[in-house]
Every structure is written in C-alpha cells, then in structure tokens.
Amino acid sequence: MNKHKYTIDILLLALLAAKKAGEAILEVYNTDFKVGHKDDKSPLTLADKRSHEIITNHITTQPFNQFPVLSEEGRDIPYEERKTWEYFWLVDPLDGTKEFIKRNGEFTVNIALIYRGRPVLGVIYVPVKDTMYFAAEGVGAYKLEESKKVSELESEEFGKEKNEEATSGLLDEIIKSSTKLPITNNHTPITDQRSRITIIGSRSHATKELDEFVEDMKKKYKKVDFISAGSSLKFCLVAEGRADIYPRFGPTMEWDTAAGHAIVAQAGDIIINTEKGLPLEYNKEDLLNPWFVAVKDKNLLSRQVEGRGACCG
C-alpha cells in the first residue's frame, strides 16, 4: 500500500469516526444528562464515554489497528510503552466539556494522527454546527460546513483493499464540498505598521497572563479585537484567518491541541512553545503542554512573548 493512499484512507476513517462520535454526543446533549467528575475533578458526561467508544471502534479497524490510541478517556498508558510508538492516534472525544454542560455549542471532537512526535493529520468536528475542519500533510487544510458527504462514507468498508482511484475519489468529493483554509486571508505580516490585530482566547480558561498580553498588544496596535471561543474552535478560527493569534498561557494537554495543531500547520500557520521557541511536541513523558502561541508571523513571538515560560514554570 503506497503512502499516499494510506494517508487518504486514514483521513477518511478519521472523518467518519468524528462524524459518528458527534452524532452520539448530540443525542446526549439533547437530553437531561448527568455530570460526573474524573479523579482530577474535571467534568465527565455520558457523551465523553460514548464518543470515546465510537472513535476507538472506528480507528482500530483493519488495516489500521496497528496504530495505538491515546485518548483523554484512556490516558493511563505507561510512558515506557508509549515511547516506542512511531505512529499513534491522539484523541479528545469531547473537547470543551464545560461548554457542553453550559449548552453553548462550543465543543468539538478532536482526532489526530501523530508521527514521531508531530501531528500529521487532524480532524475537528463541531457537532452543533455540523461543521468539520480537517487537514493532512500532502492534502492541505479544509472546512466542510455540511457533513453529508462524510456520512456517505459509512457504506465504505475501510478494512478492505480498494481501488486507489476510487478511494482518492471519495476524498476528492469531500474536498470539492469544502473550502480551503485560510478562508479570510488577512494574515499580512504582523508588523509595527499594521494597525489592527485580532486575538482569540479561551472562553472558560482566562488567565492573568492573557490579560497582560492583550494589554501589551493594545499599546502596539491602534485597534485590538479580542474574541472568545471554547475548545479547539480557537485553532479553527486562526486557520480560517478570522483571528491572527491565539496565545495560551495556561495548562492544556496534548489531546487538546494535536488536531488543531495539524489543521493550523497545514493552513500555513505555526504553533510555538513560548518557553523554547520550538513547535509543540507530542508523546512526551508528561502529557501536559507548555504555554504556546498559534500565529502566522513568527516575528510577533520574539517581541511579544519573550520571557513567558511554561504553564507551570
């Protein structure tokens, strides 16, 4: 099986897994669901559990069952075992559980494929809006506003050998119904001469450092717009071009960022660890991310995030 066909197959599989998981999440969302709590006191619902089961069942089908799965709902895999993985799926079955509980619609399904510590494929599904963002190396980044074409994949048997042209045609049909990212190309170089900038931040996890960052930017630009969004939607809005920069000066886990990282990267943006000035890494011994910034222009980082360390440093 050549590498290109393999990429297409696993992207189609991830799209379908995200779609089916999103449908199950909405079934719970539309009921009077109960809220439990994990050991770390974070909220947990039946939707998280159902989504995890559906995604795992889909992405462990043949011939992809050799890829292990690391999920927020199945995180307790020893590093001694994980560190040997070359490829693996990194999944957040329900990103934005707090937004789910608030019923504001700003929650997502996140599925990423990691290769040697780097996200090479990502799918983010927004169930309430029936909108998908997806990307893969060699394919690009796209936004699909109606997932009917993805639903049609359910009739495909992904574990069986198919004609390569037919398989490519399935993805081509989805791409034809999608919009290539960025949609709004307002990413002119962020320089001292530019008068306006849009920052996007977390709706439920604001920090003092984020407030300070926004204030610093207001001293630099004539107009600074700030928008809030939940879950991995922040990455999606940067990839679209609707936001210029997403600074995250607070704790996140690898499954929170991997799919968004893949989409932002394929849309031409970068995500930088603000402590080291390097891209985020995945499958670390500690799955906690450092602070980071997603942005188009790396020059902004050297001036505006200097001295901002890791989330717990």
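Above this text you will find the structure in question.
Presented here is an overview of the structure given in this document. From a predicted model like this one, the values you see are computed outputs, not experimental measurements.

1. Focus: the overall build of the chain
No. 1: Check the secondary structure of the chain and you find 10 helices and 14 strands.
No. 2: For the chain, the proportion of its 313 residues judged to be buried stands at 54%.
No. 3: When contacts within the chain are restricted to residue pairs at least 6 apart in sequence, those whose partners lie at least 24 apart make up 69%.
No. 4: Summed over its atoms, the accessible surface of the chain is roughly 14,000 Å², and 47% of this surface lies on carbon and sulfur atoms.

2. Some points on the nonpolar core
No. 1: Leu11, Trp89, Phe100 and Ile111 are the most contacted members of the largest nonpolar core, which totals 43 residues.
No. 2: Sorting the residues of this core by element identifies helix H1 (3–29), helix H2 (46–59), strand S4 (87–95), strand S5 (108–115), strand S6 (118–126), strand S7 (131–136), strand S8 (140–144) and helix H6 (164–176) as the ones contributing at least two each.
No. 3: If one sorts the elements of this core by residue count, H1 sits on top with 14 residues.
No. 4: Leave out the neighbours within four places in its chain, and Leu11 touches Leu121, Val123, Phe134, Ala135, Ala136, Val139 and Leu171.
No. 5: Core analysis: the second largest hydrophobic core is formed by 35 residues, Tyr133, Trp255, Tyr282 and Ala294 among them.

3. Brief notes about the packing of aromatic side chains
No. 1: Evaluation of the coordinates by the stated rule reveals 14 aromatic pairs.
No. 2: Summarising the aromatic geometry, the rings of Phe33 and Phe100 are spaced 4.7 Å apart at their centres and angled 35° between planes, so their arrangement reads as tilted. Of this pair, Phe33 sits in the loop between H1 and strand S1 (36–37) while Phe100 sits in helix H4 (residues 97–102), and the two are 67 residues apart along the sequence.
No. 3: On the basis of relative accessible area, Phe33 is assigned to the buried category, the value being 13%.
No. 4: Each residue in the set Tyr29, Phe33, Phe100 and Phe107 is aromatic and connected to the rest through ring pairs, giving one cluster.
No. 5: Sitting over the face of the ring of Tyr29, Arg103 holds its NZ or CZ atom 5.7 Å from the ring centroid.

4. Re the environment of Ser168
No. 1: Looking at where Ser168 falls in the secondary structure, it is placed in helix H6.
No. 2: Sequence spacing of Ser168 and Asp9 is 159 residues, and the spatial spacing of their C-alpha atoms is 8.4 Å.

5. Details of the environment of Ser231
No. 1: Mapped onto the secondary structure, Ser231 falls in the loop between strand S11 (223–229) and helix H8 (233–240).
No. 2: Assessed through its relative accessible area of 11%, Ser231 is described here as buried.
No. 3: The spatial distance from the C-alpha of Ser231 to the C-alpha of Thr97 is 8.4 Å, given a sequence separation of 134 residues.
No. 4: Beyond its immediate stretch of four places on either side in the chain, Ser231 contacts Asp95, Gly96, Glu106, Phe107 and Thr108.
No. 5: Of note is the side chain of Ser231, whose polar atom sits 3.2 Å from the backbone oxygen of Glu106.

6. Here we look at the sheet that holds S8
No. 1: The 7 strands are arranged S3-S4-S5-S6-S7-S8-S9 in an open sheet whose pairing can be described as mixed. The sheet terminates laterally at strand S3 (69–71) and strand S9 (179–180), the two strands that pair on one side only.
No. 2: Across 7 bridges, the pairing between S4 and S5 is antiparallel. The partner of Phe88 across the bridge, within S5, is Ile114.

7. Re the pattern of salt bridges
No. 1: Applying the stated criterion across every chain, the model contains 18 salt bridges.
No. 2: With a shortest N-O distance of 3.1 Å, Glu240 and Lys143 are connected by a salt bridge. With Glu240 in helix H8 and Lys143 in strand S8, this pair connects stretches of sequence that are 97 residues apart.
No. 3: With a relative accessible area of 3%, Glu240 lands in the buried category.
No. 4: For Glu254, the salt bridge goes to Lys284, with nearest N and O atoms at 2.8 Å. Placement of the pair is Glu254 in helix H9 (residues 254–266) and Lys284 in the loop between strand S13 (270–273) and strand S14 (292–295), with a sequence separation of 30 residues.

Criteria and cut-off values
- Residues numbered from 1 in each chain as written.
- Predicted model: local features only at pLDDT ≥ 70, side-chain atom pairs only at ≥ 80, totals over all residues.
- Heavy atoms only, no water.
- Helix = DSSP H or I, 4+ residues; strand = E, 2+ residues; numbered from the N terminus.
- Buried < 20%, exposed > 50% of the residue type's maximum accessible area, 1.4 Å probe, protein only.
- Contact = heavy atoms within 4.5 Å.
- Areas by Shrake-Rupley, 256 points an atom, 1.4 Å probe, with all protein chains shown as cover.
- Core = buried A, V, L, I, M, F, W, Y, C linked by side-chain atoms within 4.5 Å.
- Phe/Tyr/Trp six-rings, centres within 6.5 Å; stacked < 30°, edge-to-face > 60°.
- Lys NZ or Arg CZ within 6 Å of the ring centre and 35° of its normal.
- Polar contact = N/O pair within 3.5 Å; in protein donor to acceptor, adjacent residues only side chain to side chain.
- Pairing = 2+ DSSP bridges.
- Salt bridge = Lys/Arg side-chain N within 4 Å of Asp/Glu carboxyl O.

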